[in-house]
Amino acid sequence: DGSYIRHTGNITMKDDHEVTAYFVSEGSSQKYIVASVSDENAGSIVGATGTGLVAAGTPISVGYTANPGYTFNGWYVNGALDGVGSTWTGTADDHKVIVAKFTRNSYAVTIASNDESVGTVAGATSGTYEHGTVLTLVPNTASSKIHFREWRDEGGLSLGSNVPFNVTVEAA
C-alpha cells in the first residue's frame, strides 16, 4: 500500500527475510521515497504516506514522534534541511530520502554533600549530562568515625543507601 517505512543504514534481521534492491531508470515515472529517523532511540516516523516506490507526482506526508529525552531538529531531504514542522509534506518529483533528525537533551546535575567537612562524593561531579548517561556516585568520608547514611533528592526524599549509587540522567 506504499505506507511502509524503509530504514537507511544497517538493520538486524532476527528471522528469515528478503531484501530487495530497487532500481529505476533516470526519468522514470516511478520515484523511490524513503522516510527514516537519524537515531531509532530518539524517535519514530508516524503517519507516513506516499513512501516506497511510488508514481511521480504522488503526495508525500511524513510525521514524527520524539522519545522522552530527545528534541526534534528538523526534516532533512537528501541531506539538506527542508523543514522543522511536525509534518513534512511534498511531492514525489524525484527520489527522496527524508530523515527526521533529533538531538539528545542535556540536563544540569548537581552532586553535593550535606557537609563537605565530614564527607564528599567521589565519582561523577556536578555538570551537564546527556539524557541516558549513568553517573556512579561513591560517598567518601573524612574520618573513620563518620559513616555514610543515605542519598537524598533535591526535595529531601531518601533514595536509599546503595554504594556505589548509580543515577541515570533522564527527562522528568
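Residues numbered from 1 in each chain as written. Predicted model: local features only at pLDDT ≥ 70, side-chain atom pairs only at ≥ 80, totals over all residues. Heavy atoms only, no water.

Some points on the pattern of salt bridges
A full pass over the atoms with the stated rule returns three salt bridges. Residues Lys-96 and Asp-93 are paired through a salt bridge, measuring 2.8 Å at the closest nitrogen-oxygen approach. With relative accessibility at 54%, the residue Asp-93 sits in the exposed group. Among the ionic pairs, Arg-152 bridges to Glu-150, the shortest N-O distance being 2.7 Å. On the basis of relative accessible area, Glu-150 is assigned to the partly exposed category, the value being 23%. (Salt bridge = Lys/Arg side-chain N within 4 Å of Asp/Glu carboxyl O. Buried < 20%, exposed > 50% of the residue type's maximum accessible area, 1.4 Å probe, protein only.)

Some points on the nonpolar core
Membership of the largest hydrophobic core comes to 18 residues, with the highest contact counts inside it found for Ile-45, Ile-60, Val-62, Trp-75, Ile-98, Ala-100 and Phe-102. Going through the elements one at a time, β1 (30-37), β2 (43-49), β4 (59-66), β5 (70-77) and β8 (96-104) are the ones with two or more residues in this core. Examining the composition of this core, we find that four residues originate from one element, β5, more than from any other. Apart from residues lying up to four places away in sequence, Ile-98 is in contact with Ile-33, Val-34, Ala-35, Ser-36, Ile-60, Val-62, Trp-75, Tyr-76, Val-77 and Trp-88. (Core = buried A, V, L, I, M, F, W, Y, C linked by side-chain atoms within 4.5 Å. Helix = DSSP H or I, 4+ residues; strand = E, 2+ residues; numbered from the N terminus. Contact = heavy atoms within 4.5 Å.)

Focus: the environment of Ala-108
Within the fold, Ala-108 resides in strand β9 (residues 106-109). Along the primary structure Ala-108 and Val-169 are separated by 61 residues, whereas in three dimensions their C-alpha atoms are 9.2 Å apart. The contact partners of Ala-108, leaving out residues within four places of it in the chain, are Gly-127 and Thr-128.

Some details on the confidence of the model for the protein chain
Averaged over all residues, the pLDDT of the protein chain equals 87, while 84% of them reach at least 70. Within the protein chain, the element-level pLDDT minimum falls on strand β3 (residues 52-55), averaging 91, and the maximum on β5, averaging 97. In this model, residues 1-7 is a region of pLDDT below 50 whose contacts with residues beyond four sequence positions or in other chains number 18 contacts. (pLDDT = per-residue confidence, 0-100.)

Details of the pairing of β8
Looking at chain direction, β1 and β8 are connected through five bridges and run parallel. Following the sheet pairing, Ala-35 is matched in β8 by Ile-98. Both β5 and β8 contribute to a ladder of seven bridges, which runs antiparallel. When the bridges of β8 are listed, Gly-74 appears paired with Lys-101. (Pairing = 2+ DSSP bridges.)

Description of unusual backbone geometry
Leaving glycine out, the prevailing phi sign among residues is negative, and the prevailing peptide bond configuration is trans. Of note, the amide linkage connecting Val-163 to Pro-164 takes the cis form, showing an omega dihedral of -5°. One non-glycine residue, Asn-78, lies in positive phi territory at about 50°. Tracing the backbone shows Asn-78 in the loop between β5 and β6 (80-81). With a relative accessible area of 49%, Asn-78 lands in the partly exposed category.

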